[in-house]
Amino acid sequence: MKIFLIGFMGCGKTTLGKKLASKTGFQFIDLDKLIEEAAGKTIPQYFAEHGETAFRELERDVLQSASYHENAIIATGGGAPCYFDNMEWMNKAGLTVYISLPAAALASRLEKAEEVRPVLKDHKGAALVQFIAGKLEEREPFYSKAKITASGMGLNADKLWTIINDQRR
Ligand code: S3P
């Protein structure tokens, strides 16, 4: 089974994905890392040098051409489901799981994060919450195409695994 974890930046895809992979023995893939390897530069560098349109094309190519093990957990970038036919492609290739969190919770996690996220453009405090709320609204129609939605509040790998096994058809 290929499990695609989707959701906004900061919702916990990478952390939960890694833990779930070590619990289940599934392969773990961080799509952002694969993109950085393919590009030979970091995502912030790529955005700065080539712009977001080129990044989205690379993201689609990497997502749709990577070789995944039969059993794999893939943490995708927050924008990946929202461009091209990526969401449809993931829904055909495996089980999509949306980890959902409200804008305020995402903002407080993202404000503490060390990782640079070019999409957030240095917004801070109330402006960050507002920015995230707007982006979430744009992205929800894509995220909501996931086969499973799990609330990210108090979520851990054990709970996520139970949710996945209870809800997959
Ligand atoms: C992005 C999310 C990032 C990364 C890039 C763009 C987005 O991934 O792919 O900076 O548009 O939401 P994470 O969700 O892993 O931070």
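To be clear, the structure that these remarks concern was listed above.
Residues numbered from 1 in each chain as written. Predicted model: local features only at pLDDT ≥ 70, side-chain atom pairs only at ≥ 80, totals over all residues. Heavy atoms only, no water.

Caption draft 1: Geometry of the pattern of salt bridges. With the rule as written, the count across this model stands at eight salt bridges. Residue E49 pairs with K41 through a salt bridge whose shortest N-O separation is 2.6 Å. One salt bridge in this structure joins E138 and K135, with 3.5 Å as the shortest N-O distance. Of this pair, E138 and K135 are both found in helix α6 (residues 125–143), three residues apart, which corresponds to roughly one turn of the helix. The buried category is assigned to K135, whose relative accessible area is 17%. Through salt bridges that share partners, E52, R56 and E59 make up one connected network. (Salt bridge = Lys/Arg side-chain N within 4 Å of Asp/Glu carboxyl O. Helix = DSSP H or I, 4+ residues; strand = E, 2+ residues; numbered from the N terminus. Buried < 20%, exposed > 50% of the residue type's maximum accessible area, 1.4 Å probe, protein only.)

Caption draft 2: Summary view of unusual backbone geometry. Its identity as a non-glycine residue notwithstanding, F84 has a phi of 50°, on the positive side. You can see F84 is positioned in the loop between β3 (72–75) and α4 (86–93). Positioned with a positive phi, D122 is a non-glycine residue whose angle comes to about 65°. Within the fold, D122 resides in the loop between α5 (103–112) and α6.

Caption draft 3: Molecular detail of the packing of helix α1 (residues 13–24) against helix α7 (residues 157–167). With their axes 9 Å apart at the nearest point, α1 and α7 run at an angle of 75° to one another. In terms of orientation, α1 and α7 fall into the roughly perpendicular class. Residues L16, K19, L20, K23 and T24 of α1 form the contact with α7, whose participating residues are A157, D158, L160, W161 and I164. For the contact of α1 with α7, the residue count by class is six nonpolar, one polar and three charged. (Axes fitted to C-alpha atoms, helices over the stretch in contact; angles between N-to-C directions. Parallel < 35°, antiparallel > 145°, perpendicular 65-115°, else oblique. Contact = heavy atoms within 4.5 Å. Nonpolar A, V, L, I, M, F, W, Y, C, P; charged D, E, K, R; others polar.)

Caption draft 4: Fine view of the nonpolar core. Ranked by internal contacts, the top residues of the largest apolar core, which has 53 residues, are F8, Y68, V97, L106, I132, L136 and L160. Top element by residues in this core is helix α3 (residues 43–65). It accounts for seven residues. Setting aside anything within four residues of it in sequence, one finds L136 in contact with F8, Y98, L101, P102, A103, L106 and Y143. (Core = buried A, V, L, I, M, F, W, Y, C linked by side-chain atoms within 4.5 Å.)

Caption draft 5: Structural detail: the sheet that holds strand β2 (residues 27–30). Spatial ordering of the open sheet is given by β2-β3-β1-β4-β5, a layout of five strands whose pairing is parallel. If you trace the sheet from one side to the other, it starts and ends with β2 and β5 (148–151), each paired once. Each strand axis lies, on average, 20° off the axis of its neighbour in the sheet, ignoring direction. As judged from the four bridges shared by β2 and β3, these two strands associate in the parallel manner. When the bridges of β3 are listed, F28 appears paired with I73. The strands touched by α7 are β1 (2–6), β4 (95–100) and β5; relative to β5, the strand with the most contacts, the crossing angle is about 150°. (Pairing = 2+ DSSP bridges.)

Keep in mind that these numbers describe shape and distance, not what the molecule does.
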